Amino acid sequence: MANMMQAVRRVASSLNPVRARAKVLSRETREMRESLIALRRANGMTQKDVADLLGVSQQAVYKLERYDADLRLSTLERYANAVGALVYHRVEADRGQSINLAAAPTWRSPRAATVAPVRPVSPAHVRSVEGWQPTATRAPQEIQAS
């Protein structure tokens, strides 16, 4: 265990803050994309179902879900809405935490949460608002406190 901590410290000391932040931001984006795809699958939706809701082709959704897609924020929000997800945006100053996060041997987002679907969502149900009942949701603690 001591050897692992020494290795983490050595990597952390070799990272500059800009590269460390870039690495952390990239990991956060990848994790968010993976969570949205997992939620789509958990809700039993195909890429074609999402494409129909967004008014695009299935191939466009495939490209959105690729690891190397550089999504616009508005596109991400439309995709999240289609799969029944909320995406929270927050900005915080980097006070050195990116160095430690980027140097960690394993990644776990400081804000990661397991998202489980409340109820199955079918494209037919999403398209029709009739009979829809809102589900009670809780906002993250940092939002409730403000």
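Bear in mind the structure is a predicted one, so any value in this text is a computation, not a measurement.

Another point: helix H4 (residues 58–65). Among the residues of H4, Val61, Leu64 and Glu65 are the ones counted as buried. Along H4, the residues classed as buried sweep out an arc of 95° about the axis, all on the same side. Contact partners of the buried residues in H4: helix H2 (17–42), helix H3 (47–54) and helix H5 (73–83).

For the rest of this paragraph, the subject is the pattern of salt bridges. Within the structure shown, the criterion is met by six salt bridges. One salt bridge in this structure joins aspartate 52 and lysine 48, with 3.1 Å as the shortest N-O distance. Here the residue aspartate 52 and the residue lysine 48 both occupy positions in helix H3, the gap between them amounting to four residues, near one helical turn. A relative accessible area of 37% places aspartate 52 in the partly exposed class. Where aspartate 68 meets arginine 66, a salt bridge forms, and the shortest distance between an N and an O atom there is 2.9 Å.

With respect to the helices and strands, the residue lysine 23 is situated in helix H2. For lysine 23 and isoleucine 99, which are 76 residues apart along the polypeptide, the C-alpha to C-alpha distance reads 9.3 Å. Among the polar contacts made by the side chain of lysine 23, one reaches the main-chain carbonyl oxygen of alanine 102 at a distance of 3.1 Å.

On to the nonpolar core. In terms of nonpolar packing, the biggest core is built from 15 residues, with Leu36, Val50, Leu54, Val61, Tyr79, Val83 and Ala85 touching the most fellow members. Taken together, the elements giving at least two residues each to this core come down to H2, H3, H4 and H5. Top contributing element to this core by residue count: H5, with five residues.

Attention now moves to the packing of H2 against H5. Where H2 contacts H5, the two axes come as close as 9 Å, and the packing angle between them is 30°. Taken together, the axes of H2 and H5 lie roughly parallel to each other. The chirality of how H2 crosses H5 is left-handed. Mapping the contact onto sequence places Met32, Leu36, Ile37, Leu39 and Arg40 in H2 and Leu76, Tyr79, Ala80 and Val83 in H5. The residue makeup of the contact of H2 with H5, split by class, is eight nonpolar, no polar and one charged.

We now examine the packing of H3 against H5. Where H3 contacts H5, the two axes come as close as 10 Å, and the packing angle between them is 115°. Note that H3 runs across H5; the crossing there is right-handed. For the pair H3 and H5, the contacting residues are Val50, Leu53 and Leu54 in the first and Arg78, Tyr79, Ala82 and Val83 in the second. Its residues placed into classes, the contact of H3 with H5 shows six nonpolar, no polar and one charged.

Taken together, the buried positions of H3 are occupied by Gln47, Asp49, Val50, Ala51 and Leu54. Glycine 55 sits one or two residues past H3 and shows a positive phi near 75°.

All right, on to the environment of leucine 25 then. Of note, leucine 25 is situated in helix H2. Residue leucine 25 is classed as exposed on the basis of its relative accessible area of 57%. Counting along the chain gives 73 residues from leucine 25 to serine 98, while the straight-line C-alpha distance between them is 9.0 Å.

Conventions we followed
- Residues numbered from 1 in each chain as written.
- Predicted model: local features only at pLDDT ≥ 70, side-chain atom pairs only at ≥ 80, totals over all residues.
- Heavy atoms only, no water.
- Buried < 20%, exposed > 50% of the residue type's maximum accessible area, 1.4 Å probe, protein only.
- Helix = DSSP H or I, 4+ residues; strand = E, 2+ residues; numbered from the N terminus.
- Arc of directions from axis to C-beta.
- Contact = heavy atoms within 4.5 Å.
- Salt bridge = Lys/Arg side-chain N within 4 Å of Asp/Glu carboxyl O.
- Polar contact = N/O pair within 3.5 Å; in protein donor to acceptor, adjacent residues only side chain to side chain.
- Core = buried A, V, L, I, M, F, W, Y, C linked by side-chain atoms within 4.5 Å.
- Axes fitted to C-alpha atoms, helices over the stretch in contact; angles between N-to-C directions.
- Parallel < 35°, antiparallel > 145°, perpendicular 65-115°, else oblique.
- Left-handed = near helix turned anticlockwise from the far one by under 90°.
- Nonpolar A, V, L, I, M, F, W, Y, C, P; charged D, E, K, R; others polar.

Purely geometric numbers; function is a separate question.
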